[in-house]
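Topology and contacts: notes
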Amino acid sequence: MTQNRRVIKAVIPAAGLGTRFLPATKAMPKEMLPVLDQPAIQYVVAEASKAGLKDVLMITGRSKRALEDHFDRVPFMEATLEAKGDTEKLRRVQEATDLGEIHYIRQKDPKGLGHAVLCAKQHVGDEAFAVLLGDDLIDERDELLSTMIDVQEKTGGSVIALMEVDPSQISAYGCADVTAVEGEDYVRVNGLVEKPAIEDAPSNLAVIGRYVLHPRVFDVLEETKPGRGNEIQLTDALETLAAADGEGSGVHAVVFRGRRYDTGDKLSYLQAVISLASERPDIGPELVPWLKEFVSKH
Ligand code: G1P
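To start, this report covers the structure provided alongside it.

Quick look at the pattern of salt bridges
Tallied over the entire structure, the rule returns 24 salt bridges. A salt bridge links E47 to R210, with the nearest nitrogen and oxygen atoms 2.7 Å apart. Here the residue E47 occupies a position in helix α1 (residues 40-50), and R210 occupies one in strand β11 (residues 205-213), the gap between them amounting to 163 residues. Overall, E47 belongs to the buried group, its relative accessible area being 14%. Overall, R210 belongs to the buried group, its relative accessible area being 1%. Ionic pairing is found between R141 and E279, a salt bridge with its closest N-O pair at 2.6 Å. Of this pair, R141 sits in the loop between β7 (136-138) and α7 (145-155) while E279 sits in helix α10 (residues 266-279); the two residues are 138 residues apart in sequence, bridging distant segments of the chain. Residue class for R141 comes out partly exposed when judged on its relative accessible area of 47%. Bridged by salt links that share partners, the residues D37, E88, R91, R92, E95, R280 and D282 form one connected network.

If you want it as structure tokens, here you go:
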């Protein structure tokens, strides 16, 4: 039975054009923007790897070759660092390559997140799998993905992650209508709506970029018509699954209360960099007093 297998594959959509960061992203994928000394995408692959998902499929597109280079070996650089005895830098360089087996496929048309996930159908096959969106970083000290995998194995359907947001923010997210499940710390999803206006939102629970999906989602995505923004929305396919019957139906959610950083737009990207840097032992102790002084002057 499909739902008895441990989830082992992760899908990371990375085909977006990154127009919010132009001109920085003119010749460089937005996923390669550094968050401190690591490209944003490496945090996401590391999170998948830590949750035991070592088979990663990246859905890329044109001008995304730097992603493949980043997760590949660099023999000359590695040899140079080794000859110099710079083991710490060598370790940092090799870290990205050791995270797992990374595969790449191109999304040929920009038809939306649902369409990007559908590109993974062949690779994933008939197994539950995780989807991690590159704009969302989850603090490595907070647990989310493993909990979601456990819930998927228990419920057999699909699992999303939700986070409470200020109601004024909900129109930037998918939004869920949920009910509690007695005796459990996850909730049942009754309905979902992609980026609703504040007055149409069923709650202030926002969908964040982590999913553990039953493969039935592929059949549903194939039938899903373009929705918001004329794109095939993953949220709409999940809305269908939430209301469906039979194997692979049903959607549950884990409400995340940990630290999430958004690197999707300029302001939140800066906030993510500052938050992470403040807590890094090699930078934080100097950065935080400087920040305080900076703020007091402005
Ligand atoms: C996507 C999803 C949305 C979700 C968001 C989380 O939107 O469509 O439901 O809330 O990711 O980051 P995007 O931000 O890619 O427009």
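Regarding the site of the ligand
For the ligand, the set of nearby residues contains 13 residues, the closest of which are G174, E194, K195, V207 and T235. In this structure, G174 approaches the ligand through a main-chain N or O atom, which is 2.9 Å from an oxygen atom. Here the ligand has 380 Å² of accessible area as a free molecule, and 78% of this is covered by the chains. Looking at which element gives the most residues to the shell around the ligand, the answer is β11, with 3 residues.

Thoughts on the environment of R188
Relative to the helices and strands, R188 is located in strand β10 (residues 187-194). The sequence separation of R188 and V178 amounts to 10 residues, and the corresponding C-alpha distance is 5.4 Å. Setting aside residues up to four positions removed in sequence, R188 forms contacts with D177, V178, T179, V181, V251 and H252.

About the thresholds
- Residues numbered from 1 in each chain as written.
- Predicted model: local features only at pLDDT ≥ 70, side-chain atom pairs only at ≥ 80, totals over all residues.
- Heavy atoms only, no water.
- Salt bridge = Lys/Arg side-chain N within 4 Å of Asp/Glu carboxyl O.
- Helix = DSSP H or I, 4+ residues; strand = E, 2+ residues; numbered from the N terminus.
- Buried < 20%, exposed > 50% of the residue type's maximum accessible area, 1.4 Å probe, protein only.
- Near = heavy atom within 4 Å.
- Polar contact = N/O pair within 3.5 Å; in protein donor to acceptor, adjacent residues only side chain to side chain.
- Areas by Shrake-Rupley, 256 points an atom, 1.4 Å probe, with all protein chains shown as cover.
- Contact = heavy atoms within 4.5 Å.

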